[in-house]
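Notes for the structure review
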Amino acid sequence: MQARKILPLAGLVLLFALPLLPVPEFWITQLNYTGMFALVSLGLVLLTGVGGLTSFGQAAFVGLGAYTTALLSTRYGISPWFGLVVGLLITVAVALLLAWLTLRMSGHYLPLATIAWALSLNYTMANMEFLGKYDGLLGIPALSFMGISLQDGRALYYLIWVIALLAAIGVRNLLDSRPGRAIRALNGATTMAEAMGVSTFRYKVVIFVLAAMLASVSGWLFAHFQRTVNPSPFALKMGIEYLFMAVVGGIGTVWGAFVGAGVVKVIEDQLKEVLPALLGSSGNFEIIVLGVVLVLMLKYAPKGMFPYLSAVFGRWLPAAQRSRDWQDAAALPARDKPQGGDLLLDVQAVRKQFGGLVAVNDVSFQIRAGEIVGLIGPNGAGKSTTFNLITGVLSLTRGQVIFRGQPVGGLPSREIARRGMSRTFQHVKMIADMTVLENVALGGYLRSGSGTARAMLRLDRDEERRLFKEAEAQLKRIGMADKMHELAGNLALGPQRLMEIARALCTDPALLLLDEPAAGLRHKEKQALADVLRQLKAEGMSILLVEHDMEFVMGLTDRIVVMEFGTKLIEGSPEDVQSSPEVRAAYLGTEH
Ligand code: ADP
Ligand code: MG
């Protein structure tokens, strides 16, 4: 056995042996709470830490799970296990409704909306006659599992921790998968993910519902642990505390949820004892201390305690390096490619107005299969805007784009990606804390199909191998296979731009669109890029190359379209363009 597996294994053995040891009941109870809280904060790791969607309202979902089983078991004598299922169904229904209402909101509106519905759900619990109003519901039965009563805290401990660990493993599996890469793009790289064919809204809903389900399960355990429910543990205050746990532990890491839940629970209980004694009067002073700590942590340790813990314990934990086990995986499906010379892209008088500014003024040009066409012009000429009109990132004011014989104007960028256009970005867009290989594998999204459930259950490994084989092949194609295990954020700009090309190639495109791939590159890096593009052309790839740097496109392109002030100036061979006095004037007019 590897030495690095000893520590996690020992921890696991200890976790499950604890109730058998003479540990005081107090600490078993603390650990029970920790497991239940960790379930909720695990949902927040996914939703807020990874997905960037802040929710103060998770306590309301805990309440949904708790109240459902409480009501069904006390009023109707229904089995708690059936209550769990019903609670989850209700939670999913409510979460879907709330997602539909609020997840399209941006910025600070979403957190505000979560506060609003957390308050109203809690208010509902407190004011419904049949839910016992503020007194809640009493006499909830204890759980039993296959005839074994889990009435004792030490017995319930096992159920809580098995569920919590399974949930953690499920979330961890999910984050390392096809849907997981899409989820990891939600926080800041949605335009890129959409260009790779991902419906980012769909994944926002997925993580929102998953986080709600985890909270609901926690509530179910809570109800049968306390044997009574009332509205106060599901109030907004607890919702904030759950978020606090996730932040303290390490908002982006699965195991941070457990660290945070444990630390916050223990510290809060100590403060509850110590502070009133110290201050000589009673009150919820611990809230103030926790609030101050939260602000300090957000400022000085925004990644929580987890990075510090892994710096200390990391060398005894299993290494994260992905093993290269995909050599014999089957190839991913490939699309029909256009024949050389076929009309591939027909841009017909496209126009874009931003208010009064005409950024693109009825521009037309065509690309035939196998060509490299350059789109050049001084800064502000409208190149990127044209590019975004073609790829569906911006909507057309007028005109049409025909791709492979079909109109694509007005389609969202993920639909255009599905039809075989793939692009890079003027400002590199990637998931910085994912490896180069994983970033490139995101390009294979549309050529694969594993969903969230398959990923959580680890049933997606065959397809993952196929994806990584393809990603490695594309990295080889551009000469970057040696960097595949590095974190994308650690690369220099040149390799990052090449990585974007590999990711675009991983979509198996019929047309590759590059937005200023040479911008910011050093001379050597530019040469390497030019070599890659020449090689792609030799392989029959069709490319639209948007570039500011005239010299760079001269030796590479078959044809060049020159833009100035949103209008097409001329179109012709590189020689024509180079000798054109108008082009010189356009460049001289804006350059020094
Ligand atoms: P290029 O890529 O050739 O440097 P752009 O297409 O980025 O030029 O910009 C063309 C013109 O449109 C510029 O004047 C720019 O300021 C303007 N523009 C671009 N995007 C927007 C936007 N989202 N809103 C308003 N004006 C914009
Ligand atoms: Mg631009």
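Residues numbered from 1 in each chain as written. Chains lettered and ligands numbered in written order. Predicted model: local features only at pLDDT ≥ 70, side-chain atom pairs only at ≥ 80, totals over all residues. Heavy atoms only, no water.

Attention now goes to the coordination of the magnesium ion (ligand 2). For a metal with four donors in a tetrahedral arrangement, the ideal angle between donors is 109.5 degrees, while six donors in an octahedron ideally sit at 90 or 180 degrees. Those protein atoms acting as donors to the magnesium ion (ligand 2) are S384 (OG) and Q426 (OE1), and they sit at 2.1 to 2.3 Å. Note that S384 is positioned in helix α14 (residues 383-390) and Q426 in the loop between β8 (421-423) and α16 (436-442), a separation of 42 residues in sequence. (Donors = N, O, S within 2.8 Å, 3.2 Å for Na, K, Ca; no water. Helix = DSSP H or I, 4+ residues; strand = E, 2+ residues; numbered from the N terminus.)

Structurally, the position occupied by V358 is in strand β4 (residues 357-368). Sequence separation between V358 and N284 is 74 residues, and the spatial gap between their C-alpha atoms is 59 Å. Not counting chain neighbours up to four residues away, the residues in contact with V358 comprise R351, K352, Q353, F565 and G566. (Contact = heavy atoms within 4.5 Å.)

The final tally for this structure, using the stated rule, is 19 aromatic pairs. Seen in terms of ring centroids, F16 and Y158 are 6.0 Å apart; in terms of plane orientation they differ by 20°. Their pairing is stacked. A residue pair is termed long-range when its members are at least 10 positions apart, and F16 in helix α1 (residues 6-17) and Y158 in helix α6 (residues 153-175) qualify at 142 residues. The class for F16 is partly exposed, based on a relative accessible area of 23%. Classification of Y158 by relative accessible area gives partly exposed; the value is 25%. Relative to F258, the ring of W255 has its centre 5.6 Å away and its plane inclined at 40°; by these criteria the two rings are tilted. Taken together, the residues W255 and F258, both in helix α11 (residues 254-279) and 3 residues apart, mark about one turn of the helix. (Phe/Tyr/Trp six-rings, centres within 6.5 Å; stacked < 30°, edge-to-face > 60°. Buried < 20%, exposed > 50% of the residue type's maximum accessible area, 1.4 Å probe, protein only.)

Two elements in contact, α11 and helix α12 (residues 285-300), have axes separated by 8 Å at closest approach and are oriented at 115°. In the crossing of α11 with α12, the sense of the turn from one axis to the other is right-handed. Where α11 abuts α12, its residues E268, L271, K272, L275, P276 and L279 lie against F285, E286, V289 and L290. Classifying every residue of the contact of α11 with α12 by side-chain character gives 7 nonpolar, no polar and 3 charged. (Axes fitted to C-alpha atoms, helices over the stretch in contact; angles between N-to-C directions. Left-handed = near helix turned anticlockwise from the far one by under 90°. Nonpolar A, V, L, I, M, F, W, Y, C, P; charged D, E, K, R; others polar.)

Our focus in this paragraph is the side chain of E564. Topologically, E564 is positioned in strand β11 (residues 559-564). For the buried residue E564, which engages in no salt bridge, the nearest side chain bearing the opposite charge is K383, 11 Å off. Among all residues touching E564, those that are not within four sequence positions of it are P378, A381, L569 and A586. (Lys, Arg positive; Asp, Glu negative; His and termini not counted. Salt bridge = Lys/Arg side-chain N within 4 Å of Asp/Glu carboxyl O.)

Looking at the chain, the domain boundaries give domain 1 (3-20 + 28-313), domain 2 (339-420 + 510-592) and domain 3 (425-508). Relative to domain 3, the C-alpha centre of domain 1 lies at a distance of 32 Å. Contacts between domain 1 and domain 3 engage 23 residues on the former and 28 residues on the latter. When domain 1 packs against domain 3, the two sides together hide about 2200 Å² of surface, and 62% of this comes from carbon and sulfur. (Domains from an automatic or database assignment. Buried area = accessible area lost by both parts, 1.4 Å probe.)

With that settled, consider the pattern of salt bridges. The final tally for this structure, using the stated rule, is 31 salt bridges. One salt bridge in this structure joins D362 and R398, with 3.5 Å as the shortest N-O distance. Taken as a pair, D362 in strand β4 and R398 in strand β6 (residues 398-403) lie far apart in primary sequence, 36 residues in all. Judged by its relative accessible area of 33%, D362 is partly exposed. Take R398: its relative accessible area is 48%, and that puts it in the partly exposed class.

This part covers the nonpolar core. Core analysis: the largest hydrophobic core is formed by 108 residues, its most contacted members being F61, F208, L221, V229 and Y242. A per-element tally of this core places helix α9 (residues 200-226) first, with 17 residues. Mapped onto the domain boundaries, this core takes at least three residues apiece from domain 1 (3-20 + 28-313) and domain 3 (425-508). Those residues within four positions of L221 in sequence are excluded, and the remaining contacts are M36, L39, L143, L159, I160 and I163. Listed in part, the 46 residues of the second largest apolar core include I372, L437, F468 and L475. (Core = buried A, V, L, I, M, F, W, Y, C linked by side-chain atoms within 4.5 Å.)

Position of E463 relative to the elements: it lies in helix α18 (residues 461-477). Here E463 occupies a buried position and makes no salt bridge, while the nearest side chain of opposite charge, R178, is found at 4.7 Å. With residues up to four places along the chain from it excluded, the contact list for E463 reads R178, S448, G449 and S450.

The strand order β8-β9-β10-β5-β11-β12 describes an open sheet built from 6 strands, whose pairing is mixed. Looking at strand neighbours, the two that pair on one side only are β8 and β12 (567-572), the edges of this open sheet. When strand polarity is set aside, the average angle formed by the axes of neighbouring strands in this sheet is 20°. In this structure, strand β5 (residues 372-376) lies alongside strand β10 (residues 543-547), joined through 5 bridges in parallel fashion. In the sheet register, V373 faces β10, and the bridge partner there is L544. Contacts from helix α20 (residues 523-538) reach β5, β9 (511-515) and β10, with the element oriented near 155° to β10. (Pairing = 2+ DSSP bridges.)

A few words now on the pairing of β10. Burial runs high along β10: 5 of the 5 residues are buried. Of the two faces of β10, the one carrying I543, L545 and E547 and the one carrying L544 and V546 are both buried. Relative to β10, β9 runs parallel, the two being bridged by 4 bridges. Following the sheet pairing, L512 is matched in β10 by I543. In this fold, the crossover linking β9 to β10 by way of α20 has right-handed handedness. (Right-handed = clockwise from strand over helix to strand, strands pointing away.)

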